[in-house]
Amino acid sequence: ADRRAWQRVPCRLVRPVVALQLSSRSIAHQDGLPKLPVPPLKQTCERYLATLEPLISEEEMEHTRELMAEFLRSGGVGERLQRGLERRARKTENWLSEWWMQSAYLDSRMPVAVYTSPGVVLPPMHFQDRQGQMRFAAKLIAGVLDFKRMIDNETLPVEYLGGKPLCMDQYYQVLSSCRLPGPKKDTVVNYGIGKTSPTHITIVHNFQFFVLDVYNSDGSPLTVDQIYVQLEKIWNSSLQTNKEPIGILTSNHRNTWGKAYNNLIKDKTNKESVRMIQKSIFLVCLDAPMPRVSDDIYFSKVAAQMLHGGGSRWNSGNRWFDKTLQFIVGEDGSCGLTYEHAPAEGPPIVYLVDHVVAYMKKTEMVRAPMIPLPMPLKLRFNITPEVKKDIEKAKQNMNIMVHDLDVRVLNFSHYGRKYLKSCKMNTDAFIQMALQLAYYRIYNMCCPTYESASLRMFKLGRTEAIRTTSTESLKFVQAMDNKDKQKLALLEKAITAHRTYTHMAIHGQAIDRHLLGLKMQGIEDLTSLPEIFMDTSYAVAMHFNLFTSMVGSKTDCVMSIGPMVPDGYGVCYNPMDDHINVAVTAFNSCEETNANNLARSLSDALLDMKALLEQVPQPSE
């Protein structure tokens, strides 16, 4: 099925953080943020037509122009929907956020694994045994609790973009939260809001779940040493590898999981166990080692492991995919995380990763006086024949998903941010143009391309789409393999167009969220949907074959996302100083797409564009 653009949100990081300590985030900061604007109707309609130009034929364009003229008619449907949106904007803190959460995530019935939850691969750790795994996991847990301290004390530095403070609300949604399945739509619950916040995390090992209390009775967090001892106890009491992988149920199609969930929690013991997992601050998956692979595909395999666990034989049952944050620590040194996307985008997650990695570098095991700690509670599940049947079905579905997902990580080592800066090139726009060129060379056409931009300049802002494909980008990619002398000038024009669109997007003046708002307003008004939303051009515009996101992290990590459409690609990239990490995903069930081909084509495009920059004398750095 064609999953529409608004059924997914990628992760985009803002520029490097400028920090300012604030004692009370809500009064000093959040309340001062502007509200998300509703862009002018005519502006959005004109910009929509401009984005269609490189994508559709003149004939289709003519038809769409006619529909647009009707939509914009004085006193017509467009004006009515716009007025409704403006009313909504006056009455709410953010006219989009609730609609977005519903339509992008909670209404979507696709599995969260692969389809909406991103994966992050951390640099490989050089431990090869369970002691190393435990030590690493203990430090990681302590690092996350250190991040939680800033959340609890409200001392988290506020982020700025272009001198303007950003909304920090998402940072307060990632811990102690969980998605709950429903038969028609899901909900997200944050258990950290309220009188009594959770004080435990969940550990899962060999498909067995444990409650680990991470605070002493005086409220101080356990030391790394104490956590290590508790993890050892958990490990030693979960050595059996033949347990039913109850967690794999969370990877299913949401309707299927919704029914299985209601069936599972009919039993009182099961209900209590599920609640403990849902309420925990976060989850840590102690994974069994994966089959050894050659170095050239190591990162691709680990990226897949972070997205789905590798299948029912491996670690896919060692998860609770509804949990917002799951850290994954493999016995073989592979580690990273996956996160459920509904409560937050990439920035808080990547900030948390950077904080934890920095914390772990400085943390040495502190020998604390060992007060005997109670044995962590093992969560019990009663597996009825019906639950067993649901587990078997989930295993089959997960294995189909694992075989269908094609993941390729490109560690592009020829240059990175530093080189592009020395050429006075915008890193993000340059990589986006390389992607356009890579795609064009394979398919001899361009495609609708989605890059995620942050709306966090506004209160409760989430994301907007940057539409990378433009008439300028098309002219550049067409010229690149011809004898055109203007290649560099065309590249510069395409980059300028991308930067202009990015600026519009982060200031709430792009088109995708506004169009979604007009459509949702039409649905709420219970009137028939305007023709422009039934138009084939609209279906084309919303079918993003390239679904992309820049993830700027200090840590040398690789983030990956699944494709948005069955015949598309998911592309995440993290530009470091002297190299670029890229993860490309595609579905094997589509004969036209191949992650390896796109990754290779991208590498060639980046090299050819570097050669293009070097054909003219460059100003010194």
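Please refer to the structure higher up on the page.
The structure presented is a predicted model; accordingly, all values stated were derived computationally and were not measured. (Residues numbered from 1 in each chain as written. Predicted model: local features only at pLDDT ≥ 70, side-chain atom pairs only at ≥ 80, totals over all residues. Heavy atoms only, no water.)

*Asks:* I tried to follow the pairing of strand E15 (residues 546-550) on my own but got confused; where do I start?
*Replies:* For a regular strand, the rule is simple: side chains alternate between the two faces of the sheet. For E15, the tally of buried residues reaches five of five residues, placing the bulk of the element in the interior. By the alternation rule, side chains of E15 split into Leu546, Thr548 and Met550 and Phe547 and Ser549, which are all buried. Two elements, strand E13 (residues 449-454) and E15, share three bridges in a ladder whose sense is parallel. In the strand pairing of E15, Thr449 is matched with Leu546. Here E15 pairs with strand E17 (residues 569-575) via five bridges, running parallel. The partner of Ser549 across the bridge, within E17, is Cys572. (Buried < 20%, exposed > 50% of the residue type's maximum accessible area, 1.4 Å probe, protein only. Helix = DSSP H or I, 4+ residues; strand = E, 2+ residues; numbered from the N terminus. Pairing = 2+ DSSP bridges.)

*Asks:* Where do I start with the sheet that holds strand E9 (residues 325-330) in this structure?
*Replies:* The strands making up a sheet associate through hydrogen bonds between their backbones, and the pairing can be parallel or antiparallel. The strand order E11-E7-E6-E8-E9-E10-E1-E16 describes an open sheet built from eight strands, whose pairing is mixed. This sheet does not close on itself; its edge strands, each paired only once, are strand E11 (377-378) and strand E16 (558-560). Both strand E1 (residues 119-121) and strand E10 (residues 335-339) contribute to a ladder of three bridges, which runs antiparallel. When the bridges of E10 are listed, Val120 appears paired with Leu337. Packing of helix H9 (residues 268-279) onto the sheet brings it into contact with strand E6 (200-205), strand E7 (208-213) and strand E8 (283-287), and relative to E6 it is tilted by some 110°. Contacting E1, E8, E9, E10 and E16, helix H10 (residues 295-308) crosses the sheet at an angle of about 140° to E1. (Contact = heavy atoms within 4.5 Å. Axes fitted to C-alpha atoms, helices over the stretch in contact; angles between N-to-C directions.)

*Asks:* Please clarify how the packing of helix H5 (residues 97-106) against helix H17 (residues 512-524) should be interpreted in this entry.
*Replies:* Angle between the axes and distance between the axes are the two parameters that describe a pair of packed helices. At a minimum axis distance of 11 Å, the contact between H5 and H17 shows a crossing angle of 90°. For the element pair H5 / H17, the angle class is roughly perpendicular. Residues Trp99, Trp100 and Ser103 of H5 form the contact with H17, whose own contacting residues are Arg513, Leu516, Gly517, Met520, Gln521 and Glu524. (Parallel < 35°, antiparallel > 145°, perpendicular 65-115°, else oblique.)

*Asks:* Before we go on, may I ask you to explain the nonpolar core in this structure?
*Replies:* One recurring pattern in soluble globular proteins is that nonpolar side chains are buried together. Among the nonpolar cores identified, the biggest contains 160 residues, and Ile141, Ile203, Phe282, Phe430, Phe476 and Leu491 are the most heavily contacted of them. No other element matches the twelve residues that helix H6 (residues 130-153) contributes to this core. In contact with Ile141, other than residues within four places in its own chain, are Ile201, Ile203, Val214, Ile227, Leu231, Phe282 and Val284. Ranked by size, the runner-up nonpolar core spans 45 residues in total, among them Leu264, Val302, Ala394 and Met398. (Core = buried A, V, L, I, M, F, W, Y, C linked by side-chain atoms within 4.5 Å.)

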